[in-house]
Each structure stands twice: as C-alpha cells, then as structure tokens.
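The lines below spell out each chain.
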Amino acid sequence: MQETRVHENLSVPRIVEAVIRRSEGTLSASGALVVNTKKYTGRSPLDRFFVKDERTSHTVRWGENNQSISPDVFDALWARVHDYMHERETFRLDAFIGADARYRIPVRVINEYAWHNLFMRHLLVREPQSYGAHSEEPFTLLVAPGFTCDPQRDGTRSEAVIMLDLERRAGIIAGTLYAGEQKKALFTFMNYLLPERGVLPMHCAANQGVNGDIALFFGLSGTGKTTLSTDPHRALIGDDEHGWSKEGIFNFEGGCYAKTLGLSQENEPEIWNAIRFGTILENVDVDPYTGVVDFASSRYTENTRTAYPIDHIPGAVSGGVGGHPRNIFFLTADATGVLPPIARLNSEQAMAHFLNGYTSKLGGTERGVTRPTAVFSACFGAPFLPLPAYRYASLLGAKIQEHGVNVYLVNTGWTGGPFGVGRRIDLGITRSLIKAALQRVLEEVPMRIDPFFGFAVPTSSPGVTADVLDPRQTWTDQEAYDRQAADLVELFNRDKEDSRWTPGR
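Basis of the calculations
Residues numbered from 1 in each chain as written. Predicted model: local features only at pLDDT ≥ 70, side-chain atom pairs only at ≥ 80, totals over all residues. Heavy atoms only, no water. Helix = DSSP H or I, 4+ residues; strand = E, 2+ residues; numbered from the N terminus. Rg over C-alpha atoms; globule rule 2.2 N^0.38 Å. Buried < 20%, exposed > 50% of the residue type's maximum accessible area, 1.4 Å probe, protein only. Contact = heavy atoms within 4.5 Å. Lys, Arg positive; Asp, Glu negative; His and termini not counted. Charge placed at Lys NZ, Arg CZ, Asp CG, Glu CD. Polar contact = N/O pair within 3.5 Å; in protein donor to acceptor, adjacent residues only side chain to side chain. Pairing = 2+ DSSP bridges. Disulfide = S-S within 2.5 Å. Axes fitted to C-alpha atoms, helices over the stretch in contact; angles between N-to-C directions. Parallel < 35°, antiparallel > 145°, perpendicular 65-115°, else oblique. Left-handed = near helix turned anticlockwise from the far one by under 90°. Phe/Tyr/Trp six-rings, centres within 6.5 Å; stacked < 30°, edge-to-face > 60°. Expected span 1.5 Å × (residues − 1). Arc of directions from axis to C-beta. Core = buried A, V, L, I, M, F, W, Y, C linked by side-chain atoms within 4.5 Å.

Undergrad: Which parts of the structure should I look at to understand the overall build of the protein?
TA: Helix and strand counts for the protein stand at 15 helices and 30 strands. Computed over the C-alpha atoms, the radius of gyration of the protein is 22 Å, within 12% of the 23 Å expected from 2.2 N^0.38 for a compact globule of 505 residues. Each of the three principal axes of the protein carries a C-alpha extent, and together these read 75 × 55 × 45 Å. Scored against the burial criterion, the 505 residues of the protein give a buried share of 60%. Summarising the internal contacts of the protein: among those between residues at least 6 apart in sequence, 72% fall at separations of at least 24. Of the charged side chains in the protein, 52 are positive and 60 negative, and the gap between their average positions amounts to 2 Å.

Right under this line is the structure:
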C-alpha cells in the first residue's frame, strides 16, 4: 500500500510520532518535543512582502515593515512552492484564528514539517465540527522551510521569505524554520481585516480576575506579556494576540508561545508545568543522555521558546472570550534604566505611548539583534500592522474613553543604570505593582509628576520600597540619570516626527 503523503488534522500523539519518525526532534525528560530551528532563531522582518494590488495599494502603509511585490511575483512563487510541497510528505491543519465565532477566520495550513503542524495546532483555535460549516473563505498558508528561494528568480531578498496576499487570503513561508513566522503571518492578516469590521486587533495578553475584571498587557516580544498575564490568581484568556469588539475581547489563538530563557519553577510555575507531552521546546539546550533541559543556557539563542495549548494552564478561560477591560498595561523593557517600574497615564499620554510603542528589542527576537536595542514600534506591534497606525490608535482611544479604562506604563527593563550597568527590575516587584493597580490601590496613593515625561508615578505601593519607585534614586550617579532621561525624551520627540503620528496615511 502506498504511504499517505498528505496527513490531515492529525491528533497530537500522531504528530509527535511523525516528528520522531522523521528525525525532526527528540523528547525531553518531561515528554516535551525538543526542536532546533538552525540559523533562523527569530523572525526575519526584512524578508516579508505583501502583494500590492488595486485595493492594497491604497490601504496598506507601505514602507520598511510592509514591502511590496506584484501579484505575478507571488503567483510564480506560489506555483514553485506548491510543486515542491506536492513532491513531499505534508501535514494539513484546518482550524480558526479567533475564539469569537462572530469574527473568526478559517485557516488552512499546509506544513512540510510535522512539528510546525503541531505548533499551529496549539496556536490556532480547534473546532473541527464548525470548520466545514463556516462560509467564509479560509486563509491558506504554505509553509516550506526546506524550499530555498532564489532572489533573482523569486523577487525575494534572501533564501527565506514571508509573502502574503491579503486580498486573496494566501501566504507563503519558505526557507526559515522559525515557527513564530506562521502565527505572526496570520496575526498580520487579522490586523488588516478586522478594523473594517470595527474590531481592534491587539498585540497583547489578557487575563481575568475572580470578579470578571479584564486586564490587557501590551508589549513587544520579551517585555513580559506571557509571564505577567499567566497569574495563579487570575484566569488566562491568552498571552499574545486579541481582538476588542463591541461585545468585549477575544483571543485570536488557542495556545501560548512563551520565552523560556531563565525559566524557573519557582518564578513561573504555570509555564513550567505546561511543559509536558505535546509541548514544543524550541532551541533549548538539552542533555543528550538525560533529556533534562537547561533553561539558563543561551547556547543556540537567547530567544528560546515553548509552545503549548492554552488548556495546559490551569484555570484558563474556556472559550477565550471576555468582557471589556478595566485596566491596560503598556509593557516596555527600557534598557536605558530611566523609566519608573510603573506610571499612570492620562488619555493623551496613553495615546502617545500607544503610537510610539517604545521598548527595547531583546536579543534573539529578530535576526541580528544580540543585545537590547531601543525601538519605537507603533501600537506595540509595527511589524504586524499593514494599515496606518492611526487606524488602530483611533479605535483604541475610542474604546478607552467609552469604557473608562485605566492605563499604566510598566517598565520591565532596567533600573539603577542602563543595560550593562544597572540590573533588570525584579519580576516580584513588577507583579506586586500590577497587583496593586488591579486592586485599585494605586488609585488611592499619592502621586508625583515625573519631571521629564509628565506622567503620574506612585510614591508608595505595598511591598515595594519608595526608592525603587523613583528610578533616579536607584542610580549611583544621579546627574548621569538626568542626562540619560533627557536623551530619552529627545528620542521620544524625534519619534513624533514619524508620519504614523499624522491621522490618515
């Protein structure tokens, strides 16, 4: 009997069997799959292209993050990758992006690698009984890491490419093994589609308190979205991508993709315990004899990752939907050591910080990034936003005003000095401050107005010493702090010259 070459919607055990059979990965001591993505250990934003057609030519904000190619170039590459996949054993998954049935989009992913198919099985929403009944056209994604692009022939920048046709709902990912490209390609599509439906797509995590209060955690990779939203005292809705509609918020995904460098059972027990059979461990250092993972090791990259279904987290919100948020936290890993660990923003400041999306890219999250680098990423997700930033910002501003949401800026980066001099803010301190905000304690304490940025900084908070709340006091050389703060203000001012601050295009 001829071996089946297209495997459709396999169960987790069957995919794991295929991974082992095909020598794509090994099992760790906990039963999780260990895989390695070789030289592509992070996203490749410079290798991403969009089809420029009659509609997108007027709607997409073209530029460095959104490079254009013609429909003919896309069609030619699609044909080449399709032929390549047809000659190989492949793995198909039919699922949804979006937990809310009113706004979800069907997705068909065809993978060359079995473990990539398992990754998407975790990260998408699985409702097989609903898929066939959905009338909307699916977004089809071909994922061929073994296909090597020819830049001259295929119109790419390198041997790897992420190429999306937003109008025809199709995408190609080729030449890279980094699994995160798949989820971000689909997130990009949702960022294109949903604003027309009055829904704000958000690069954020979300959780829910016992009283039903919703909190959102915006931030780029490495700022703490997954860690801070995965709280034993609150129910996780999702750790990375959500929509905010007139009914409330909903998770785009069905699982989590967490950074693991420095992971410990003591500090992050929920994530630690989620790493078991079916879970994927990406680019971690594992003992070849015992299968024990060294989470402190960055042997392959600082961007070590784990992917698991959301039901691996105890008490996660069933169905992935919630009401309107009461609190929003903008997470920034400030490598200058200037920003306070928490500050309350008024509505004008909230919109400004959403538009500038200031943080530091951390090592490994993108190719070529090896140390913290200051970046302004509009809406805390510029690489995934096809439309002008003001489209998203205006939606957020209207929803914050309508629902009276509190907005806080939270620094999960450095204190006592910049990167290389100071130290990373302790996770326990950040958790305590967020807890105080969620319990409305920070609404009652005295505030000081920061002389450089003008936002309100609490002068006290339970379990946190006053000097920690004032970053200037943590620097040995306070005049050096003043100079660094002035430099950061200047960076903020220069960022405001970018065209994304102008309504419209």
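Back to the text.
Undergrad: Would you mind going over the environment of Ser347 with me for this structure?
TA: Topologically, Ser347 is positioned in helix H10 (residues 347–356). With 74 residues separating them along the chain, Ser347 and Val421 place their C-alpha atoms 34 Å apart.

Undergrad: It is not clear to me how the side chain of Asp165 should be interpreted in this structure. Could you clarify?
TA: With respect to the helices, strands and loops of the structure, Asp165 is situated in strand S9 (residues 161–165). With relative accessibility at 1%, the residue Asp165 sits in the buried group. One polar contact links the side chain of Asp165 to the main-chain amide nitrogen of Glu167, over a distance of 3.4 Å.

Undergrad: Explain the pairing of strand S16 (residues 255–259) here, please?
TA: Regular strands show a simple pattern: their side chains alternate between the two faces of the sheet. The buried fraction of S16 is high, at four of five residues. Of the strand pairs in this sheet, S16 and strand S20 (residues 305–309) are connected by five bridges, and their pairing is antiparallel. Bridge pairing in S20 places Cys256 opposite Tyr308.

Undergrad: What should I look at first to understand the state of the cysteines in this one?
TA: Disulfides are covalent bonds that connect the sulfur atoms of two cysteines. Per the counting criterion, the structure on display carries zero disulfides. As a non-bridged cysteine, Cys379 has Cys204 as the owner of its nearest cysteine sulfur, 12 Å distant.

Undergrad: Just checking my understanding: could you explain the packing of H10 against helix H11 (residues 389–403) for this structure?
TA: In helix packing, the relevant descriptors are the interaxial angle and the interaxial distance, both defined with respect to the helix axes. Where H10 contacts H11, the axes come no closer than 10 Å and their chain directions differ by 150°. Here H10 lies roughly antiparallel to H11, going by the angle between them. As H10 runs across H11, the sense of the crossing is right-handed. Across the interface between the two elements, Met351, Phe354 and Leu355 of H10 pack against Ala389, Tyr390, Tyr392, Ala393, Ser394, Leu396 and Gly397 of H11.

Undergrad: Is there a simple way to think about the packing of aromatic side chains in this case?
TA: Geometry of an aromatic ring pair is reported as the spacing of the ring centres plus the angle between the planes. Inspection of every chain in the model, using the stated rule, returns 27 aromatic pairs. Judged by centre distance (5.6 Å) and plane angle (80°), the ring pair of Phe218 and Phe330 falls under edge-to-face. Taken together, the residues span a long stretch of sequence, with Phe218 in strand S12 (residues 214–218) and Phe330 in strand S22 (residues 325–332) at a distance of 112 residues. With 5.4 Å between their ring centres and 85° between their planes, Trp414 and Phe419 make a pair best called edge-to-face. You can call Trp414 buried: its relative accessible area is 9%. On the basis of relative accessibility, which here comes to 33%, the residue Phe419 falls in the partly exposed class. Members of the aromatic cluster, each reached through a chain of ring pairs, are Tyr103, Phe187, Phe250, Phe252 and Phe384.

Undergrad: How should I be thinking about the pairing of strand S7 (residues 105–111) in this particular structure?
TA: Extensive coverage of S7 is indicated by the burial of five of its seven residues. Sheet topology places strand S6 (residues 90–97) next to S7; seven bridges connect them, and they run antiparallel. Residue Leu93 lies in a different strand from S7, and its bridge partner there is Val109. When S7 meets strand S8 (residues 139–144), the two strands line up parallel, connected through five bridges. Paired with Val109 across the strands is Leu141, a residue of S8.

Undergrad: Mind showing me how you'd approach unusual backbone geometry here?
TA: Excluding glycine, residues mostly carry a negative phi; peptide bonds, for their part, are mostly trans. At Ser23, a residue that is not glycine, the phi angle is positive and equals roughly 60°. With respect to the helices and strands, the residue Ser23 is situated in the loop between helix H1 (12–21) and strand S2 (26–27). Positive phi is not limited to glycine here, since Arg440 has a value of about 70°. Taking the relative accessible area as the measure of exposure, Arg440 reaches 40% and is therefore partly exposed.

Undergrad: Looking at this structure, how should I read helix H3 (residues 71–86)?
TA: Structurally, the α-helix is built with 3.6 residues per turn, so residues lying three or four positions apart point the same way. If you check H3, its first and last C-alpha atoms are 22 Å apart, about what 16 residues at 1.5 Å a residue would give, namely 22 Å. Along H3, the residues that are buried comprise Phe74, Leu77, Val81, Tyr84 and Met85. All buried residues of H3 project into a common sector of 95° when viewed along the axis, lining one side. Exposed positions of H3 whose direction lies more than 90 degrees from the buried face are Asp72 and His86.

Undergrad: Sorry if this is basic, but what is going on with the sheet that holds strand S5 (residues 67–69) here?
TA: One open sheet accounts for eight strands, arranged S1-S6-S7-S8-S10-S9-S4-S5; its pairing is mixed. This sheet does not close on itself; its edge strands, each paired only once, are strand S1 (6–8) and S5. Strand-to-strand twist across the sheet, computed as the mean angle between neighbouring axes with direction ignored, equals 20°. This element, helix H4 (residues 114–123), spans S6, S7 and S8 of the sheet and lies at about 15° to S6.

Undergrad: Help me understand the nonpolar core, please; the structure alone is not making it clear to me.
TA: If you look at soluble globular proteins, the nonpolar side chains tend to sit buried side by side. Counting 99 residues, the largest nonpolar core has Leu216, Phe218, Ile328 and Phe330 as its most contacted members. Sorting elements by how many residues they give to this core places helix H7 (residues 180–193) first, with seven residues. Tyr408, Ala436, Ala437 and Leu442 belong to the second largest nonpolar core, which has 19 residues in total.

That's the geometry; what it means functionally is another story.
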